[in-house]
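Breakdown of the fold
Listed below, chain by chain, are the residues.
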Amino acid sequence: MPTARRGHGSIDIAAPPELVYDLIADVTRMGEWSPECYRCEWLDGQAAAAPGVRFRGYNRLGRLRWRRTAVVDTADRGREFGFTTVNGGAGREETRWRYSMEPSSSGTLLTESFEFLWCSIPNRLAEAL
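Small disclaimer: the values here were computed from a predicted structure and weren't measured. (Residues numbered from 1 in each chain as written. Predicted model: local features only at pLDDT ≥ 70, side-chain atom pairs only at ≥ 80, totals over all residues. Heavy atoms only, no water.)

1. Side note on the overall build of the chain
Scanning the chain from terminus to terminus reveals two helices and seven strands. Secondary structure of the chain in N-to-C order comes out as β-α-β-β-β-β-β-β-α. Counting only residues that meet the buried cut, the chain has 33% of its 129 residues in that class. Long-range pairs, those at least 24 residues apart, make up 37% of the contacts in the chain with a sequence separation of at least 6. Total accessible area on the chain is roughly 8,000 Å²; 53% of this is exposed by carbon and sulfur atoms. (Helix = DSSP H or I, 4+ residues; strand = E, 2+ residues; numbered from the N terminus. Buried < 20%, exposed > 50% of the residue type's maximum accessible area, 1.4 Å probe, protein only. Contact = heavy atoms within 4.5 Å. Areas by Shrake-Rupley, 256 points an atom, 1.4 Å probe, with all protein chains shown as cover.)

Here you go:
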């Protein structure tokens, strides 16, 4: 089955939006809650999210392993954190990820969404197997 082109999911968290943002935007913690990305590191001497800042994510799915560089697009504390992965070889944007936070009766409604922008031929072939 081919990868979905876009999707989203939401969860209500008993914490204020600013705290949720601080956890999500600290990409060095992404491996704690991602089923695929097990580690991230800031690049270029940076240590916090801001538009234009880059980080690298290390991913695994079964025996497959890969890494991607990502560029922070949005860093609006308590409201939205977003980044886009970039294919190192082709330099093309691949997947846009967004995390939006809205106040809710229990704390924060967190919505994660993605939009698949481009896929390399080798990745398309691997998906067909």
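2. Examining the pairing of strand 4 (residues 64-76)
Bridge analysis of strand 3 (residues 54-61) against strand 4 gives eight bridges, and the strand direction is antiparallel. The residue of strand 4 that forms the bridge with R60 is R65. In textbook terms, the turn of a hairpin is the stretch between consecutive antiparallel strands, and for strand 3 and strand 4 this stretch comprises two residues, one of which, G62, has a positive phi near 65°. As paired elements, strand 4 and strand 5 (residues 80-86) share seven bridges and run antiparallel to each other. (Pairing = 2+ DSSP bridges.)

3. Quick word on the environment of G52
Summarising the element assignment, G52 is placed in the loop between strand 2 (37-42) and strand 3. G52 sits 20 residues away from V72 along the chain, and the two C-alpha atoms are 5.3 Å apart. When near neighbours in sequence (up to four residues on either side) are disregarded, G52 contacts V71 and V72.

4. Here we look at the packing of aromatic side chains
One pass over the structure, following the stated rule, counts seven aromatic pairs. Geometrically, the ring pair formed by Y21 and F81 is edge-to-face, given 6.3 Å between the ring centres and 85° between the ring planes. Of the two residues, Y21 sits in helix 1 (residues 17-25) while F81 sits in strand 5, which places them 60 residues apart along the sequence. The pair Y21 / F81 is uniform in exposure class, with both members buried. With centroids separated by 6.4 Å and ring planes inclined at 25°, the aromatic side chains of F83 and Y99 adopt a geometry described as stacked. Of this pair, F83 sits in strand 5 while Y99 sits in strand 6 (residues 93-104), and the two are 16 residues apart along the sequence. You can call F83 buried: its relative accessible area is 4%. (Phe/Tyr/Trp six-rings, centres within 6.5 Å; stacked < 30°, edge-to-face > 60°.)

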